Amino acid sequence: MEQPKITNTEQARDFYKRYVHGCPRGSDLYETFTPETLKAYEEHSSNELELQWCFEEFEKSFSQITPKNPDNHKLLKSAWEWHNESTPIRTVAEKLEIMMNDCYGNPAQALLYCIISTAMWTHINKSDKDEEKLLLRLMELCEPYADDEEREQLRLRIVGPASEEEAKRQYRLNHFSENHDGIFDDFQTNSAEQNFKRFATLENMLKWKQEYFDEWTGKDYFLSEENMHWVSVIELGALNYGIYSKENLQKLYDKLSDYKNCAAVDQYWHIAYEIVSTLSKRMFEDGEYDMLEKFFQLAVNLLNDAPDCWEKEYFGSQSLGTIEEYRALMDGKNA
C-alpha cells in the first residue's frame, strides 16, 4: 500500500478519519503502515485533536436532525459512528428528544440505544446544573423503554441510591471499591455520589464486605470462572479490602480446602495462583508462617489436581516459584 504523506494537522485529520477512527492503536495499523508514517501521524495529532475531529464529523450529520424530517434516522446512524462519552450533552439532548417526540411512543431500537447509552455514559460538568437537568431529562425519556437492569443503572448513576440496601448492592457491583471510577459506579452527578455517601459510611462498607465474605465462604457458594474473574473470595479476604484477619484467613482456608466440592475444576489453577499472589506478602509480613505454609500446600494440591492447560503451566510455574522463594525466606527467619 502506498504510504500517505502526513506533514501537517489537516493531513493527520484525514488519516484519522480514514484509518485510525474505529481501529484501536496498536492493532492492524502496524501491519498496514510503516513506523515512519505512524510517527508522522503522532507528531501532528493528539488525543484532544482526535476528540475534536470526532465531534466535527458527528455534528455534520447530527446538526441536520429537525422535527418531522424523514431522514432523521439515517442522520442519527451516520452521526453515531463518531459519538463518544465526551460528546457534549448540550449538543445531543435536544435532537434526541426531537426524535423521541416524533416516534409517537414507538421508538426504533437504534434510537433507544443512542438515548440510553447517552444517558448512562455521557460525561457532564458536574458543577453545571443545566447539564444535570439535561441528563435527568434523557433518563426520563428512556426509562419507559429500558429494561429493569438499565433503569436501575441509570437511576443509580444519575440520581443515586435511595436506601442502604441499594447502596450496598451498588457497592458490590462496583467490586467493593471506594474509588468512584469503577465499571458500574462512575457517578455522573454530584447528587448521585452524595446520595451514595449518605449510606456508604466507612463502618457500613466494612460491614458489607464482611457480610459478602461470610456468604461466599459458606457452603452454598461455588467458585466458578465468572466469580473468580470478578472479586474472588480470596481477594476479598486479603489486604486491600479492609477485612483481613486471622479469623477470616481460617474461614478462607476451610472453604478452599474443600475445593473438590466447592470449585469448578477449570478454576483450580486460578485459585492456586490467587492464593499465592494475593495472600503471601501480607501473611509473611505478619509472621503467619504456619498458616501460610498450609495455604502453600493447598495451592500445590490444587495444581496437582488441575487439568492440563496453558494457564496451569504458565501461572502454576509462577506460583511454584513464588512458593519456593517464600519458603526460603521463612526458613531463614526460623533459622
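On a predicted model such as this, the values are computed, not experimentally measured, just so you know.

Thresholds, definitions, all that
Residues numbered from 1 in each chain as written. Predicted model: local features only at pLDDT ≥ 70, side-chain atom pairs only at ≥ 80, totals over all residues. Heavy atoms only, no water. Buried < 20%, exposed > 50% of the residue type's maximum accessible area, 1.4 Å probe, protein only. Helix = DSSP H or I, 4+ residues; strand = E, 2+ residues; numbered from the N terminus. Arc of directions from axis to C-beta. Contact = heavy atoms within 4.5 Å. Phe/Tyr/Trp six-rings, centres within 6.5 Å; stacked < 30°, edge-to-face > 60°. Core = buried A, V, L, I, M, F, W, Y, C linked by side-chain atoms within 4.5 Å. Axes fitted to C-alpha atoms, helices over the stretch in contact; angles between N-to-C directions. Parallel < 35°, antiparallel > 145°, perpendicular 65-115°, else oblique. Left-handed = near helix turned anticlockwise from the far one by under 90°. Nonpolar A, V, L, I, M, F, W, Y, C, P; charged D, E, K, R; others polar.

Asker: Which parts of the structure should I look at to understand helix α3 (residues 35–43)?
Answerer: Given 3.6 residues to a turn, an α-helix orients residues that are three or four positions apart in the same direction. The set of residues buried in α3 consists of T37, L38, A40 and Y41. Looking straight down α3, one finds its buried side chains confined to an arc of 155°; they lie on one side. Within α3, the exposed residues directed more than 90 degrees away from the buried face are P35, E36, K39 and E43. Looking at the buried residues of α3, the elements they touch are α1 (9–20), α2 (29–32) and α4 (47–62).

Asker: Just to check I follow, could you spell out the packing of aromatic side chains for this structure?
Answerer: For any pair of aromatic rings, the description rests on two quantities: the centre-to-centre distance and the angle between the ring planes. For the coordinates displayed, the defined rule picks out 22 aromatic pairs. When the ring of Y212 is compared with that of W216, the centres are 6.3 Å apart and the planes differ by 50°; the resulting orientation is tilted. With a gap of 4 residues between them, Y212 and W216 both fall in helix α12 (residues 202–216), about one helical turn apart. Each member of the pair, Y212 together with W216, is buried.

Asker: I keep staring at the nonpolar core and nothing clicks. Help me out?
Answerer: For soluble globular proteins, the rule of thumb is that nonpolar side chains tend to be buried together. Judged by nonpolar contacts, the single largest core of 55 residues is most densely connected at I275 and F295. For I275, the contacting residues outside a window of four places in its chain are I234, L256, S280, F295, L298, A299 and L302. In this structure, A12, L111, L138 and I158 belong to the second largest nonpolar core, which totals 43 residues.

Asker: Got a minute to help me understand the packing of helix α18 (residues 289–305) against helix α19 (residues 310–334) in this structure?
Answerer: The axes of two packed helices give the description: the angle between them and the distance between them. In the contact formed by α18 and α19, the axes pass within 11 Å of each other and the chain directions differ by 155°. Taken together, the axes of α18 and α19 lie roughly antiparallel to each other. Between α18 and α19 lies a crossing of left-handed hand. Counted together, Y289, L292, E293, F296, Q297, A299, V300, L303 and N304 of α18 and K312, G316, S319, L320, I323, Y326, R327, M330, K333 and N334 of α19 form the full contact between these two elements. For the contact of α18 with α19, the per-class residue count stands at 10 nonpolar, 5 polar and 4 charged.

Asker: What's the story with the environment of A306 in this structure? I'm lost.
Answerer: With respect to the helices, strands and loops of the structure, A306 is situated in the loop between α18 and α19. A residue is classified by how much of its surface remains accessible, and A306, at 6% relative accessible area, is buried. Once the C-alpha coordinates of A306 and Y268 are considered, the two residues, 38 residues apart in sequence, prove to be 5.3 Å apart. Those residues in contact with A306, other than ones at most four positions away along the chain, are Y268, W269 and K312.

Asker: Explain unusual backbone geometry here, please?
Answerer: Trans is the common state for peptide bonds, and a negative phi is the common state for residues other than glycine. Unusually for a residue other than glycine, K68 sits at a positive phi of about 65°. With respect to the secondary-structure elements, K68 resides in the loop between α4 and α5 (72–80). Classification of K68 by relative accessible area gives exposed; the value is 55%.

What is shown is where atoms sit, not what they do.
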